[in-house]
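Notes for the structure review
As a plain string of letters, each chain reads:
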Amino acid sequence: MKKISRLTEADVTAESAFFMQRRQILKTLGIGAAALSLSPVAQADLLDWFKGNDRPKAPAGQPLDFSKPAEWQAKLPLTPEDKVTGYNNFYEFGLDKADPAANAGTLQTTPWKLTIDGEVAKPLTLDHDDLYKLFPLEERIYRMRCVEAWSMVVPWIGFPLASLLKKVEPTSAAKYVAFTTLYAPEQMPGQKDRFIGGGLDYPYVEGLRIDEAMHPLTMLTVGVYGKALPPQNGAPVRLTVPWKYGFKGIKSIVSIKLTRERPPTTWNLSAPGEYGFYANVNPNVDHPRWSQATERVIGSGGVLDVKRQPTLLFNGYAEQVASLYKGLDLRENF
Ligand SMILES: Nc1nc2c(c(=O)[nH]1)N[C@H]1C(S)=C(S)[C@@H](COP(=O)(O)O)O[C@H]1N2
Ligand SMILES: [Mo]
C-alpha cells in the first residue's frame, strides 16, 4: 500500500488508466500532435473544439422556486459556486476538470424527455417544464465525494426520487432502477470520439437497488446554487446520492427504468476491479491505485489552497443509510 503522502496528483485525479495515458501523451506531445493520429476531418473537428470558436456559451441557469427544509440545511461550509460549476467530471465533454464548463454549451436541454418505465404500473414521460413543476423543489446541502479523493459541499435543488417512483407505481418485480444519460454525439464530442470521451462506452449508464433509490436522501436534482443546473453539472436533471462516490450521480438523464436484474453501470463496465456497483463512500476500502482514507477539499483558492480531511463512512450519512447494507460485506461489495 502506498502512503497518501507519496501519491502525486496524477494518481488521484484519474478515474481510468486511459486518462493517465492521455495525460502522458498530451504532456509529451501537446494536443496538436496527439490529434495527428486522427483522420484529417476528425483533426479539424478536434482542433475547432479545443479552440472553442463556434461553441455557444453555456446558458445561465434560470432562478428556481424552492423551499429550504430545516432537515437538509447541513451546517457545512459550502464549496464556492465557481468551483461547483467550473471543476467538473462530465466525460462526454472532455476529461479535464475545466472541459465541461468550457464545452457543455452545445448540450440542448429544450425540448427534453425523461421516460420512466419498465416494471411499473403507470409509465410516464416528463418534458422539460414538468421537471420543475411536478414536485415541490427543495434545497439540500449535501457532501459530495468523488472516487478520485476530492470533495465538495453543494447546495443542490431537486426532489426525492422516491416521489417520482411512487407516482409510476413500481410492480413487485421491480428490484433495481436503471438510469441512462442522453446519447447525442453531435452535441457531445466525447461520445463521438473515444479519445475525447476517455474510452468509455456511451451512453453513460448507472443504477441503484430499489431501496437505495427510494431512500429519502436520494434526489433528482434540477438546480444548484438557486438556479437551474448549468449543462456542465448535468442539466436538466441528474441524480444525487450523497453517500456514494460521485460517479453514481449520473447527469442529463433521459431514461429511468425499473428492472428485475441489476443493471450495468458505466465505470464498472470500464474497470470492474476498480469501480463497483455499490460505490458507497468508505475510508476503509481503498481504490486499488490510491487511498480512500482522506480527501482533498475543493476550496476557494488555487494550488496553494490544499486542505485534506478524513473521509467518513458513507460520506457522513451512516446513521441514515447503514441499515440498507446490514449483512453485506462492504469490502467485497465495493
Ligand atoms: N453522464 C455522466 N454523468 C456523470 C459523469 C460523466 O462523466 N458523465 N461523471 C460522474 C462523476 S465521476 C462525478 S464526480 C460527478 C461530478 O458531478 P459535478 O460535475 O456536478 O460535480 O458526475 C458524475 N456523473
Ligand atoms: Mo467522480
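The rules we used
Residues numbered from 1 in each chain as written. Chains lettered and ligands numbered in written order. Predicted model: local features only at pLDDT ≥ 70, side-chain atom pairs only at ≥ 80, totals over all residues. Heavy atoms only, no water. UniProt positions renumbered as here; feature names shortened; annotations may be inferred. Helix = DSSP H or I, 4+ residues; strand = E, 2+ residues; numbered from the N terminus. Buried < 20%, exposed > 50% of the residue type's maximum accessible area, 1.4 Å probe, protein only. Contact = heavy atoms within 4.5 Å. Areas by Shrake-Rupley, 256 points an atom, 1.4 Å probe, with all protein chains shown as cover. Polar contact = N/O pair within 3.5 Å; in protein donor to acceptor, adjacent residues only side chain to side chain. Salt bridge = Lys/Arg side-chain N within 4 Å of Asp/Glu carboxyl O. Phe/Tyr/Trp six-rings, centres within 6.5 Å; stacked < 30°, edge-to-face > 60°. Lys NZ or Arg CZ within 6 Å of the ring centre and 35° of its normal. Core = buried A, V, L, I, M, F, W, Y, C linked by side-chain atoms within 4.5 Å. Near = heavy atom within 4 Å. Nonpolar A, V, L, I, M, F, W, Y, C, P; charged D, E, K, R; others polar.

For the chain, an unreviewed UniProt entry supplies the name Protein-methionine-sulfoxide reductase catalytic subunit MsrP and the organism Franconibacter pulveris. UniProt lists a comment for the chain under the heading Sequence similarities (unreviewed entry), and it reads "Belongs to the MsrP family."

For the chain, the count of helices and strands is eleven helices and twelve strands. Each of the 334 residues in the chain was classed as buried or not, and the buried ones make up 54%. In the chain, once contacts between residues fewer than 6 apart in sequence are set aside, the share between residues at least 24 apart is 73%. Accessible area of the chain: about 15000 Å², with a carbon and sulfur share of 56%.

This next bit is on the UniProt feature "binding site: Mo-molybdopterin" (unreviewed entry) in the chain. The positions that UniProt labels "binding site: Mo-molybdopterin" (unreviewed entry) are, in the present scheme, Asn88, Tyr91, Glu92, Cys146, Thr181, Asn233, Arg238, Gly249, Ile250 and Lys251. Locating Arg238 in the fold gives a position in strand 9 (residues 238-240). We classify Arg238 as buried; its relative accessible area is 5%. Setting aside anything within four residues of it in sequence, one finds Arg238 in contact with Trp156, Met219, Leu220, Thr221, Leu229, Asn233, Gly249, Ile250, Lys251, Ser252 and Ile253. Looking at the element boundaries, Lys251 is found in the loop between strand 9 and strand 10 (253-259). When neighbours within four sequence positions are excluded, Lys251 is seen to be in contact with Asn88, Asn89, Phe90, Thr181, Gln232, Asn233, Gly234, Val237 and Arg238. From its side chain, Lys251 meets the backbone oxygen of Gln232 in a polar contact 2.9 Å long.

Once that is clear, we can look at the pattern of salt bridges. This structure, assessed with the given rule, holds 13 salt bridges. The closest approach of N and O atoms between Asp201 and Arg194, which form a salt bridge, is 3.3 Å. Here Glu206 makes a salt bridge to Lys248, at a shortest N to O gap of 2.7 Å. In this pair, Glu206 is assigned in strand 6 (residues 205-209) and Lys248 in the loop between strand 9 and strand 10, connecting sequence segments 42 residues apart.

Under the criterion given, the structure shown has twelve aromatic pairs. Both rings, one in Phe314 and one in Tyr325, keep their centres 5.4 Å apart while their planes meet at 15 degrees; by these two values the pair is stacked. Of this pair, Phe314 sits in the loop between strand 12 (307-310) and helix 11 (318-321) while Tyr325 sits in the segment after helix 11; the two residues are eleven residues apart in sequence, bridging distant segments of the chain. Residues Phe314 and Tyr325 agree in their burial class; the two are buried. Through a chain of ring-to-ring contacts, the aromatic side chains of Tyr176, Phe277, Tyr278, Phe314 and Tyr325 assemble into a single cluster. The residue whose ring lies beneath Arg140 is Trp72, and the NZ or CZ to ring-centre distance is 3.8 Å. Taking NZ or CZ as reference, Arg143 lies 5.6 Å from the ring centre of Tyr317, over its face.

Now for unusual backbone geometry. Thr110 connects to Pro111 through a cis peptide bond whose omega is -5 degrees. On the secondary structure map, Pro111 appears in the loop between helix 5 (99-103) and strand 1 (113-118). We note that Glu169 has phi near 55 degrees; this positive angle belongs to a residue other than glycine. Along the polypeptide, Glu169 turns up in the loop between helix 7 (161-168) and strand 5 (176-181). Take Glu169: its relative accessible area is 35%, and that puts it in the partly exposed class. Although it is not a glycine, Ala279 sits at a positive phi angle of roughly 55 degrees.

Time to look at the nonpolar core. Across soluble globular proteins, nonpolar side chains have a tendency to be buried as a group. In this structure, Leu161, Phe179, Leu220, Leu239, Trp243, Ile253 and Ile256 are the most contacted members of the largest nonpolar core, which totals 79 residues. Per-element accounting of this core gives the leading share, six residues, to strand 4 (residues 150-160). With near-sequence residues (within four places) excluded, Leu239 lies in contact with Leu161, Phe179, Leu208, Thr218, Met219, Leu220, Lys248, Gly249, Ile250 and Ile253.

This brings us to the site of ligand 1. Inspection of the region around ligand 1 gives 18 residues, with Asn88, Tyr91, Glu92, Gly249 and Lys251 positioned closest. Here Tyr91 contributes a backbone N or O atom positioned 2.8 Å from an oxygen atom of ligand 1. Here a nitrogen atom of ligand 1 and a side-chain polar atom of Thr181 are 3.0 Å apart. Protein burial of ligand 1: of its 530 Å² of free accessible surface, 99% is covered by the chains. Tallied by class, the residues present in the shell around ligand 1 amount to eight nonpolar, six polar and four charged.

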